[in-house]
Number of protein chains: 2
Amino acid sequence: MISVEKTSRAGRPRAIPDPAPDLTAREQILDAAAALFVTQGFGSTSTRAIAEAVGIRQASLYYHFAGKDDILAELLERTVRPSAELAAQLQQRAGTDPAAAATALYELAHADAALLASAPHNVGSLYLIPEVRDQRFDEFRSQRAGLQAVYGRLGRIAGNRTHDEMSEAVLGALLIQVVEVVIPLRRADEPPVDPAAVAAAVLRIVGLG
Amino acid sequence: MISVEKTSRAGRPRAIPDPAPDLTAREQILDAAAALFVTQGFGSTSTRAIAEAVGIRQASLYYHFAGKDDILAELLERTVRPSAELAAQLQQRAGTDPAAAATALYELAHADAALLASAPHNVGSLYLIPEVRDQRFDEFRSQRAGLQAVYGRLGRIAGNRTHDEMSEAVLGALLIQVVEVVIPLRRADEPPVDPAAVAAAVLRIVGLG
């Protein structure tokens, strides 16, 4: 159930959108939806089921989100946006110096692994579902592609043995894949993996000990 | 549409199960189902839609499979079973010798990456969907857990710098995760990744160049 602070808008007609919607309700919708998506499946979860889980009416859910695609897009973007922003900063700071790129790569992988480890209900396990191909998820896919590109760039600059073997694009896919090991480990209810161990594995992939 | 060889059972009543069911029909059901699962989503795909895609009646589909869970289980097991069998052989052959374990690890990763690259419609992208937690998928999950355990074992024996940093279980998860980079790369319609490059990355993870 929601614990909404109602005093400031008592008596306001429900049909009029609130210009400052209650963040708590929005967050509760996101959390309940994430739990249902990863336990029941995205395709099998209705907005009605989400609303019921939160304890609100379906119409109230539609005040906050256009639909379940919209909810999933927000959930997925939150698993990527902070890392994508950090990646852009780190790449700029590292420039083309191999040692600086290695440091940046470690820092990025560490932060990214920690972010995925804290994602509500392990929503990263939904990255590959077919529905995410829809254009509603363009923003998520674009941010993730940008993040992956930085992994590849930093890896190529930092690495000393990976130039000939694979393209920067494949290297980026490989490095982000290593970081995302957090997702199946959480899925299997394994003990949390140390982000430092993940970041060290990323460095080893590019040939650094 | 199915190209079924019907001569040998002309006139046989349809209600009586055929003791030697046509393999082609079964394969066509698996292929059509895989295509639908990865494009429409598993939850959104009905056995009726699968039967329609093949051009058979729903009752005919139920002759071959108990339901769509059964179809997905078979598809997923095929992405793991050959690698799990190879892994058992390789582990026995390698014993506790580090160099032999490194060779075995390379061979396993190479074969496993090639298998995932050839899986129909990239069904490996369904590994993490919630439905796969159901007991109908026990056999798949058991085979995959066994495969992952061999990765961890071989990696620990072969590796020279990974003992303290992470458990054998986490190492196994990390190595299988690297091999499974094939799945998102196929999903993103990237050019096929060389299994040799994947196997080399697996060796680097355990500290071997």
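Report follows, based on the coordinates. (Residues numbered from 1 in each chain as written. Chains lettered and ligands numbered in written order. Predicted model: local features only at pLDDT ≥ 70, side-chain atom pairs only at ≥ 80, totals over all residues. Heavy atoms only, no water.)

**Some points on the interface of chain B and chain A**
Part 1 of the reasoning: Each partner contributes to the interface: chain B provides 40 residues, whereas chain A provides 40 residues.
Part 2 of the reasoning: When the two sides are added together, the surface that chain B and chain A hide from each other amounts to roughly 3300 Å², 59% of it contributed by carbon and sulfur.
Part 3 of the reasoning: Contact with chain A buries surface across chain B, with Leu-128, Arg-187 and Arg-204 of chain B losing the most and accounting together for 23% of the total.
Part 4 of the reasoning: Between chain B and chain A we count zero salt bridges in total.
Part 5 of the reasoning: Our count for the contact surface shared by chain B and chain A stands at eleven residue pairs in polar contact (both at pLDDT 80 or more).
Part 6 of the reasoning: Per-element tally for the side of chain B that touches chain A: the top contributor is helix H8 (residues 168-179) of chain B, with six residues. (Contact = heavy atoms within 4.5 Å. Buried area = accessible area lost by both parts, 1.4 Å probe. Salt bridge = Lys/Arg side-chain N within 4 Å of Asp/Glu carboxyl O. Polar contact = N/O pair within 3.5 Å; in protein donor to acceptor, adjacent residues only side chain to side chain. Helix = DSSP H or I, 4+ residues; strand = E, 2+ residues; numbered from the N terminus.)

**Observations concerning the environment of Leu-105 of chain A**
Part 1 of the reasoning: By secondary structure assignment, the location of Leu-105 of chain A is in helix H6 (residues 98-118).
Part 2 of the reasoning: Considered as a pair, Leu-105 of chain A and Leu-86 of chain A are 19 residues apart in the sequence and their alpha carbons are 11 Å apart.

**A short note on the relation of the copies chain B and chain A**
Part 1 of the reasoning: After a rotation of 180° and a shift along the axis of 0.0 Å, chain B superposes on chain A with an RMSD of 0.0 Å. Taken together, the turn and the small shift mark the pair as related by a two-fold rotation axis.
Part 2 of the reasoning: When the interface residues of chain B are mapped onto chain A, 100% of them again lie at the interface, so the same face is used by both copies. (Least-squares fit on C-alpha atoms with pLDDT ≥ 70 in both.)

**Description of the pattern of salt bridges**
All names here are of chain A.
Part 1 of the reasoning: Applying the stated criterion across every chain yields a total of 19 salt bridges over all chains.
Part 2 of the reasoning: A salt bridge links Glu-180 to Arg-144; the shortest N-O distance between them is 2.8 Å. Of this pair, Glu-180 sits in the loop between helix H8 (168-179) and helix H9 (182-187) while Arg-144 sits in helix H7 (residues 138-158), placing them 36 residues apart in sequence.
Part 3 of the reasoning: Of the charged contacts, one joins Glu-168 and Arg-156 as a salt bridge, the two residues approaching to 2.3 Å between their closest N and O atoms. Separated by twelve residues along the polypeptide, Glu-168 in helix H8 and Arg-156 in helix H7 bring together distant segments of the chain.
Part 4 of the reasoning: Among the residues examined, Glu-168 registers a relative accessible area of 23% and is labelled partly exposed. (Buried < 20%, exposed > 50% of the residue type's maximum accessible area, 1.4 Å probe, protein only.)

**Thoughts on helix H5 (residues 81-94) of chain A**
Residues and elements named next belong to chain A.
Part 1 of the reasoning: Taking 1.5 Å per residue as the helical rise, H5 with its 14 residues ought to reach 20 Å, and the 20 Å between its terminal C-alpha atoms agrees with that figure.
Part 2 of the reasoning: For H5, the full list of buried residues reads Ser-83, Ala-84, Leu-86, Ala-87, Leu-90 and Ala-94. All buried residues of H5 fall inside an arc of 165° around its axis, so they share one side. Residues Gln-92 and Arg-93 are exposed on H5 and point more than 90 degrees away from its buried face.
Part 3 of the reasoning: In this fold, the buried residues of H5 make contact with H6 and H7.
Part 4 of the reasoning: Looking one or two places after H5, you find Gly-95, whose phi comes out positive at around 60°. (Expected span 1.5 Å × (residues − 1). Arc of directions from axis to C-beta.)

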